[in-house]
Amino acid sequence: MKWIRQSLWLSGLALALLGLAGCNSDSKDAEKSAPSSDDAPTVAVTHPIREDLAHSVNLTAEFLPWQQVEIHAKVSGYVQQMNVDVGDHVKTGDVLAVLEIPELNDDLKKANAAVLTAEQQAQSAQAAFEETDLINNRLQAAAKQANGLIAQQDLDTAAARNRANAANLQAAKQEIVEAQANAARLQALVDYAKVVAPFDGVVTKRYADVGALVQAGTVQQGTSSNSDSLPLVSFAELKVLRLEFPVPEADVSDVHLGDVVEVDVPSMGRQFEGKVARFAQKVDMSTRTMLTEVDVQNPDYTYLPGMYATVQLTLSEKKDALAVPIQCVSTGDNPTVLVLNNDHKVEERPVTVGLETSSVAEILSGLSDDDLIVMGSRNSIPVGEVAMAREIDGGKL
């Protein structure tokens with residue numbers, strides 16, 4: 001009986017020892033999987049986030065008139081009237097200035113007189129033709145009725161005179177046409193003595209005063225190629241403005257008609273949205289940029305040509321993208337991020353980067369939503385070593 005009780009005690013002791021050994025083993029495994037804060041560094045970590053990303057650039061822009069011309073006179077003369085001044089608003093066809101051109105008026109009078117003379121000569125030629133035509137027709141009719149009674153010489157003479165008068169009449173009519181054309185040309189030049197507005201707009205500069213001699217330009221409205229030609233006024237359409245800005249060469253492929261831009265006018269404290277209306281489709285060789293324009297409605301003349309603005313142009317967007325703080329991604333051809341893996345070890349993992357903004361970078365491959373991204377300076381984080389995690393909400397230290 002005593003032997004049996006002793007055997008049972010020895011068996012219990014053995015089981016107890018085995019239990020203690022198992023507990024020690026589990027304790028060591030727990031220490032291995034969850035390092036103590038005393039012997040492992042602490043690193044800040046965050047989870048990748050899902051958000052809508054947009055890549056945009058801020059560019060300097062300038063307001064320009066929709067149309068702008070320097071208006072020249074078509075004919076040379078002295079300024080007789082100046083009907084507008086700087087800042088005046090005028091409509092299409094309004095008379096801006098009137099020139100005094102006495103020599104041209106004299107030429108017009110002579111041209112009109114030449115038209116009257118040509119018309120009188122044509123009337124005389126018409127009468128002479130009608131007379132010879134009547135005589136010729138009568139002789140020809142009589143010769144057919146009385147064969148041989150009228151000499152052939154008389155018939156030939158009458159026909160020749162008729163042809164000559166017909167030619168004279170045709171020449172007289174041509175002289176009328178030429179005289180009328182010359183008079184119309186001079187009348188047009190006289191009409192050009194009134195310089196009119198080519199479109200609705202504002203006078204932005206005045207160059208000439210009453211009594212000034214202005215030389216004829218190549219066109220009535222527009223810049224003249226004659227270096228001696230003095231423009232009368234500078235004229236601009238301001239109810240619609242062009243907002244011009246240069247897009248860098250690296251971004252021109254992402255510019256499309258209708259792209260929405262955010263416009264900020266610092267001098268006025270105003271912001272509004274616009275759309276890309278047109279772009280040059282050519283990169284300027286000197287600046288390596290492409291000219292791009294936004295049309296700005298300006299019915300109240302709120303904005304003025306020459307004002308500067310800042311344009312935020314969105315080049316690309318991505319919905320529900322997996323993103324990490326951009327400082328967590330290494331630079332270079334083969335980007336990587338540091339990850340605290342399931343073994344609590346710092347791991348350098350290669351990733352594929354997509355869209356980047358000023359604060360985050362899209363990760364196309366290499367990470368999942370559950371990964372812990374290590375933040376902070378890479379030089380202070382030992383890759384491959386065990387570390388304690390301190391999660392940072394939103395990826396901000």
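Please read these numbers as outputs of a predicted model, since none were measured by experiment.

Enquirer: What is the right way to look at the packing of aromatic side chains in this model?
Expert: In this description, an aromatic ring pair is defined by two values, namely the gap between the centres and the angle between the planes. Inspection of the entire model under this criterion finds three aromatic pairs. Both rings, one in Phe272 and one in Tyr303, keep their centres 5.4 Å apart while their planes meet at 45°; by these two values the pair is tilted. In this pair, Phe272 sits in strand β11 (residues 270-279) while Tyr303 sits in the loop between β12 (289-297) and β13 (308-325), placing the two residues 31 residues apart along the sequence. Geometry around Trp66 places Arg242 over its ring, the cationic atom sitting 4.1 Å from the centre.

Enquirer: What should I look at first to understand the side chain of Thr292 in this one?
Expert: Its location among the elements puts Thr292 in strand β12. With a relative accessible area of 0%, Thr292 lands in the buried category. Residues in contact with Thr292, not counting those within four places in the same chain, are Leu243, Glu244, Phe245, Val247, Val255, Val276, Arg278 and Phe279.

Enquirer: What is the right way to read helix α2 (residues 102-145) from this model?
Expert: Within an α-helix, residues lying three or four positions from one another point in the same direction, as the helix has 3.6 residues per turn. Relative to the 64 Å expected for 44 residues at 1.5 Å per residue, α2 spans 65 Å between its end C-alpha atoms, a close match to the ideal helical length. Here α2 has its buried residues at Leu104, Leu108, Ala111, Val115, Ala118, Ala122, Ala125, Thr132, Asn136 and Ala143. Those residues of α2 hidden inside the fold are in contact with α3 (152-191).

Enquirer: I keep staring at the sheet that holds strand β5 (residues 95-100) and nothing clicks. Help me out?
Expert: The pairing of strands in a sheet happens through backbone hydrogen bonds and is either parallel or antiparallel. Taken in spatial order, the four strands of this open sheet run β6-β5-β3-β8, and their pairing is antiparallel. With one partner strand each, in any of the chains shown, β6 (194-196) and β8 (213-214) form the two edges of the open sheet. Examined bridge by bridge, strand β3 (residues 77-82) and β5 share four bridges and lie antiparallel to one another. Across the sheet, residue Gln81 finds its bridge partner in β5, namely Val98.

Calculation criteria
Note on numbering: residues in each chain are counted from 1, in written sequence order. Residue-level local features of this predicted model are given only where pLDDT is at least 70; pairs of side-chain atoms are given and counted only at 80 or more, and the full residue set underlies all totals for whole chains, interfaces and linings. Hydrogens and water are ignored here; the side-chain numbers use all heavy atoms of the structure. Working definition: rings of Phe, Tyr and Trp (its six-membered ring) pair if their centres are within 6.5 Å, and the pair is stacked with planes under 30 degrees apart, edge-to-face with planes over 60 apart, and tilted otherwise. Each helix is a run of H or I in the DSSP string that is no shorter than four residues. Each strand is a run of E no shorter than two, and both are numbered from the N terminus. Sitting over a ring, as applied to charges here, requires NZ of Lys or CZ of Arg to be within 6 Å of the ring centre and within 35 degrees of the ring normal. Throughout this description, buried means an accessible area under 20% of the type-specific maximum (1.4 Å probe, protein chains only), exposed means over 50%, and partly exposed covers the range between. Contacts are assigned to residue pairs that have any heavy atoms within 4.5 Å of one another. For a helix, the expected span equals 1.5 Å multiplied by the number of residues minus one. Following DSSP output, two strands are said to pair if at least two bridges run between them.

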